[in-house]
Amino acid sequence: MSHPPRTASAPAPSAEDAHHSHNAVVTGQFGPQASAYLTSANHAQGADLEQLATIARAYPGAQVLDLGCGAGHVSFFTAPHVARVVAYDLSADMLGVVAGEAAKRGLSNIDTHLGAAESLPFDNATFDLVFSRYSAHHWADVGAALREMRRVLKPGGRVVICDVASTGQPLFDTYLQAVEVLRDTSHVRDYSNGEWLTMAANAGFSVVSLTPRTLELDFKTWTTRMRTPESMQVAIRALQTAMADSVREHFRIQDDGSFTLDTMTLELIAG
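An unreviewed UniProt entry lists the protein chain under the name SAM-dependent methyltransferase, with Pandoraea captiosa as the source organism.

Below, the structure is given as structure tokens:
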């Protein structure tokens, strides 16, 4: 019996290639919208920003890394209280917005640096504080990023991460990840508090505090900021309508598609 000829399969992409591919999606998504994130009310204010500023005040001579800085709101909140802030991001467009706004505000102690969270181009024990807000759910490898944070952190320093949080319940988690990636194809994952605690421990951190919060989002503003295609918006709205009542109640989904998300602020110290 004859057999059809075998065809050679393409080699699986390496982890490094996969990271580069994902990073290209991230920069493609956020670069054109850099200015929109500067003016976004959800990003420019909040109790989590105030918490970061309070922590910064306790380190008046600090060197601070704003990891995944976006339009720079963490940098702007903390710079008046510390010696120096390095605003670090994968998007050159975002960093241009940060530099321009820092100059307008007279914040001469903010520097910008381009790069990925998983590979920080800084020496060991460089920073007293590492802050990251609404960035980690875009990272290809959060575990690697946490290990890098620990490496560049000085003894006695703090890492503080603010991000959207999954409840960890399968039904709610499936819905959350679905609407996030429909809205923004650079989304990787919103992790649960339990996942964060495990990843932090594996990277050598101990938990100082974990603060849960709720974030209200206007559907039109949320999708416009990311330039979400109309077809994806329709899919999100259809999913919102089709989900169980428990999902709509938990996320407080309104008739116009507006809703709430769970967030957390996790403060860590090297264990």
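Visitor: It is not clear to me how the pairing of strand β7 (residues 259-270) should be interpreted in this structure. Could you clarify?
Guide: Across a regular strand the side chains alternate sides, sitting on one face of the sheet and then on the other. Judged by how many residues are buried, β7 sits mostly within the fold: nine of 12 residues are covered. As paired strands, strand β5 (residues 153-164) and β7 are joined by six bridges and run antiparallel to one another. Bridge pairing in β7 places Ile 161 opposite Leu 266.

Visitor: I would appreciate a short explanation of the pattern of salt bridges in the present structure.
Guide: A side chain with one charge can pair with a side chain of the opposite charge if their charged atoms come near. Throughout the structure, instances matching the rule amount to nine salt bridges. Residues Glu 148 and Arg 151 are paired through a salt bridge, measuring 2.8 Å at the closest nitrogen-oxygen approach. One end of the pair, Glu 148, and the other, Arg 151, are both in helix α7 (residues 142-152), three residues apart, so they sit about a helical turn from each other. Exposure remark for Glu 148: the relative accessible area of 14% places this residue in the buried category. Accessibility expressed as a relative area gives 27% for Arg 151, which makes it partly exposed. Between Glu 195 and Arg 189 there is a salt bridge, with the nearest N and O atoms lying 3.6 Å from each other.

Visitor: Which parts of the structure should I look at to understand the side chain of Asp 89?
Guide: Looking at the element boundaries, Asp 89 is found in strand β2 (residues 84-89). The buried charged residue Asp 89 lacks any salt bridge partner; its closest oppositely charged side chain belongs to Arg 133, at an N-O distance of 12 Å. At a separation of 3.2 Å, a polar atom in the side chain of Asp 89 contacts the main-chain amide nitrogen of Cys 69. Contact partners of Asp 89, with chain neighbours within four places excluded, come to Gly 68, Cys 69, Gly 70, Met 94, Leu 95, His 113, Leu 114 and Gly 115.

Visitor: What exactly am I supposed to notice about the pairing of β5 here?
Guide: The element β5 is extensively covered by neighbouring structure, given that nine of its 12 residues are classed as buried. Taking the sense of rotation as the criterion, the β-α-β connection linking strand β4 (residues 127-133), α7 and β5 turns out right-handed.

Visitor: Just checking my understanding: could you explain unusual backbone geometry for this structure?
Guide: One can expect most non-glycine residues to show negative phi and most peptide bonds to be in trans. In the Ramachandran plot, Ala 125 falls in the positive-phi region, its phi being about 55° despite a non-glycine side chain. Mapped onto the elements, Ala 125 comes out in the loop between β3 (110-114) and β4. For Ala 125, a relative accessible area of 36% corresponds to the partly exposed category. Look at Arg 252: it is not a glycine, yet its phi comes out positive at around 50°. Counting through the fold element by element, Arg 252 comes out in the loop between α12 (245-250) and β7. You can call Arg 252 partly exposed: its relative accessible area is 46%.

Visitor: Would you mind going over the packing of helix α8 (residues 170-183) against helix α11 (residues 230-242) with me for this structure?
Guide: Helix packing for two helices is described by the angle between their axes and how far apart those axes are. Where α8 contacts α11, the axes come no closer than 9 Å and their chain directions differ by 165°. Viewed along their axes, α8 and α11 adopt a mutual orientation that is roughly antiparallel. Relative to α11, the crossing made by α8 is left-handed. Between α8 and α11, the contacting residues are Tyr 175, Ala 178, Val 179, Leu 182 and Arg 183 on the first element and Met 232, Ala 235, Ile 236, Leu 239 and Gln 240 on the second.

Visitor: Looking at this structure, I do not really get the packing of aromatic side chains. What am I missing?
Guide: Pairs of aromatic rings are described using the distance from one ring centre to the other and the angle between the two planes. All chains considered together, the criterion is met by seven aromatic pairs. Between Tyr 175 and Phe 251 the ring centres are 5.0 Å apart and the planes differ by 50°, which places this aromatic pair in the tilted class. With Tyr 175 in helix α8 and Phe 251 in the loop between α12 and β7, the pair connects residues that are 76 residues apart, well separated along the chain. Both residues of the pair, Tyr 175 and Phe 251, count as buried. Linked through ring pairs, Tyr 88, Phe 122 and Phe 127 together constitute an aromatic cluster.

The rules behind these values
- Numbering of residues starts from 1 in each chain and follows the order in which that chain's sequence is written.
- Totals for whole chains, interfaces and linings use all residues, but because this is a predicted model, local features are given only for residues with pLDDT of at least 70 and pairs of side-chain atoms are given and counted only at 80 or more.
- Hydrogen atoms and water are omitted, and side-chain values are computed over all heavy atoms in the structure.
- A 1.4 Å probe rolled over the protein chains alone gives each residue an accessible area, and that area as a share of the maximum for its type sets the label: buried under 20%, exposed over 50%, partly exposed in between.
- Secondary structure elements follow DSSP: runs of H or I of four or more residues count as helices, runs of E of two or more count as strands, with numbering from the N terminus.
- One requirement defines pairing of two strands: DSSP has to find at least two bridges between them.
- Salt-bridge detection follows one rule: a side-chain nitrogen of Lys or Arg within 4 Å of a carboxyl oxygen of Asp or Glu.
- Charge convention: Lys and Arg are scored as positive, Asp and Glu as negative, and His as well as the terminal groups of each chain are ignored.
- Throughout this description, a polar contact denotes any pair of N or O atoms lying within 3.5 Å of each other; where both atoms belong to protein, one of them has to be capable of donating a hydrogen while the other can accept it, and for residues adjacent in sequence the pair is counted only when both atoms sit in side chains.
- Contacts: residue pairs with any heavy atoms within 4.5 Å of one another.
- For a crossover, the right-handed case is the one in which the path from the first strand over the helix to the second runs clockwise, viewed with the strands pointing away from the viewer.
- In this analysis, axes come from line fits to C-alpha atoms, helices being fitted only over the stretch in contact, and the angle between any two N-to-C directions falls in the range 0 to 180 degrees.
- Each angle receives one of four descriptions, namely roughly parallel if under 35 degrees, roughly antiparallel if over 145, roughly perpendicular if within 65 to 115, and oblique otherwise.
- Helix crossings are classified by the rotation of the near helix relative to the far one: an anticlockwise turn of less than a right angle makes the crossing left-handed, while a clockwise turn makes it right-handed.
- Two rings from Phe, Tyr or Trp (for Trp, the six-membered ring) form a pair when their centres sit within 6.5 Å of each other. Planes less than 30 degrees apart are called stacked, planes more than 60 degrees apart edge-to-face, and all others tilted.

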